[in-house]
Structures are given as C-alpha cells and as structure tokens.
Amino acid sequence: MYTHLQLRDSARPPVTLSTLANMKATGEKIACLTCYDASFAALVDEADTDIALVGDSLGMVIQGHDTTVPVTMDQMVYHCKAVARGLSRPFLMADLPFMSYPSKDIALTNSVRLMQEGGAKMVKLESGAGQAAIVEFLSSHDIAVCAHLGLRPQSVHKTGGFRVQGREEEAAARMIRDAKDLESAGADLLLLECVPTALGKAITEAVRVPVIGIGAGPHVDGQVLVLYDVLDITTGRKPRFVRNFMEGAGNNLQALKNYVQAVKKGEYPAPEHNF
Ligand code: KIV
C-alpha cells in the first residue's frame, strides 16, 4: 500500500525535508515544538506545527534532572515511539542523547534505533566541527541529520554552564565555519541555540539548509521552543527566549496554535527574547 502517495494528496500532507526546503526558499517560517508523549503529539499536530522534536530536554522537563546528560537511548526510543503514535503531519525529529554517537558505528546503530523502533524521520546531534565525520557517515547511509550548534546542553559540564555562545568575534567566526562544514558533511537542517541575533542571521545566510533557532533571534528560518515552556508548565526562572503562550489562550491547543501563528507571522521572537 502506497500510504505516502495517498497522504501526499490529502488536505494535510506530511511535512518532509522538501517541504522544509521550500519553506526556506519562500520565506515561510518553520514552527517546531518539542514533544514527549502521544497526547501532546496529537495537540502539536492539530496546531499545525511543522516539526515535532523528541528532545533530550525530556531529562529535565519530564525526569527532573538538572541537565540532559542522564538521558539514555532506551528512554529516547520509548518517548519517540509514543510521540510517533500521536502524529500525522509534522516531521518527526529525535535527539541522539549524550554519548550515543561517540563513533560512526555507534551513531549509526543508535540512529537506526530512533528510526526503526521510534519512528523518527530525522536524528539530531549536538555538533561542533568534531562531529562532521559522524554527520557525513550518517548522511552517506541516507539518514536525515540535524546538527545542533551554539549552546550544546550535553556539553555543559565541559563548557561551564548554560550560556549564550558565539559572543566573541573569533567564536562567532568558528561557528559560521562549523555550520558550513556540517552542511557540506550532509546535515539537512541546523539547530542554533542561544546565540546573538547577528550570528543567527549570519549563519542562516551562510548555508542553504533551513536553520531553526531557539534564542537565536528572528532572522533564522524557524523557531523551536520546549513544549512545557510554551504551556507555562515549567516552574522557576526561565531563559530569556521563553514566552508563555498560555497567556490569553484558555486551553493547551489554543496556546500551541498561538505559538505557531506567532512564529509564522514573525511576531515571535520579539526583541525582548533575543540576545
Ligand atoms: O532537547 C531539546 O529540547 C532541544 C531543544 C532545546 C531545541 O534540543
């Protein structure tokens, strides 16, 4: 049964890499949300989100850890399966968690698990120049890859904490180089976390693939936020880029729709969310 052909003709065809490339080309902003279970996945879908990310942020917002470091492959696969059951239109991306890609072969094995067991269509890994060989290897096996640059939460113990990255000229130039190298290695998407607005713009203009930002300013091709931040479920002090979309929404679905619309119209992020 050619389900993909049937779905392509439906009123809400599934988002693919070609859809995302077209969106970059036409200037339509890409709306992405993290998601960790089937019930929220159904809402994320109904809100017309383009990409659902099973983020290893689940270590913090679901499991209550301080960082994403304790998250395991088995846990990622478990949550990915649940999210996949709730989705029909959004493109499903899943994080390779801490130390699940220390070598090409292990990265391949774990990416295959996210795709075959979890139902993911793309894997994301936190990448500097050092991961280009892994991106190239996964890509050579026709695995869609998103490279996560800027603040890389899996490295916080090494880099000294959750801080804006690329403020200094040299660090910014290195990140632009890394972005181009990762694109050349085969990355299909870049995710940019916590960088100054000017750097978000420079990277977006330097590469052909779509760039999704979180705290990376308004000039990137799309935005991602942690679902629990959008729904104001997260307690305590929040990062500068977070906006509470429950305000004035009345219910969860409306809050998610308001987020997607705010991204599409360029109303989010506003100047107060940027670095
Ligand atoms: O794990 C995650 O939720 C992420 C987002 C912060 C983009 O990578």
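Everything below is about the structure printed above this text.
Basis of the calculations
- Residues numbered from 1 in each chain as written.
- Predicted model: local features only at pLDDT ≥ 70, side-chain atom pairs only at ≥ 80, totals over all residues.
- Heavy atoms only, no water.
- Salt bridge = Lys/Arg side-chain N within 4 Å of Asp/Glu carboxyl O.
- Helix = DSSP H or I, 4+ residues; strand = E, 2+ residues; numbered from the N terminus.
- Buried < 20%, exposed > 50% of the residue type's maximum accessible area, 1.4 Å probe, protein only.

Engineer: What is the right way to read the pattern of salt bridges from this model?
Structural biologist: Side chains carrying opposite charge are able to pair once their charged atoms draw close together. In the structure shown here, the tally under the stated rule is 14 salt bridges. Note that Arg12 and Asp48 form a salt bridge whose closest N and O atoms lie 2.9 Å from each other. Within this pair, whereas Arg12 is found in the loop between α1 (3–8) and α2 (17–26), its partner Asp48 is found in the loop between α3 (38–46) and β2 (51–54), the two being separated by 36 residues in sequence. Among the salt bridges present, the one from Asp232 reaches Lys238, with a minimum N-O distance of 3.9 Å. For Lys238, a relative accessible area of 30% corresponds to the partly exposed category. One network of salt bridges, with partners in common, ties together Arg12, Glu28, Asp45, Asp48, Asp50, Arg89 and Lys264.

Engineer: Hey, could you run me through unusual backbone geometry in this one?
Structural biologist: Only a minority of non-glycine residues have a phi that is not negative, and only a minority of peptide bonds are not trans. In this structure, Pro269 follows Tyr268 across a cis peptide bond, with omega equal to 0°. Its place among the elements puts Pro269 in the segment after α12 (252–264). Phi at Met99 takes a positive value of approximately 65°, unusual for a residue other than glycine. Within the secondary structure, Met99 is located in the loop between β3 (91–95) and α6 (104–116). The exposure class of Met99 is exposed, given its relative accessible area of 55%. In this model, Asp232 sits at a positive phi of 60°, which is unusual for a non-glycine residue. For Asp232, the location among the structural elements is in the loop between α11 (227–230) and α12.

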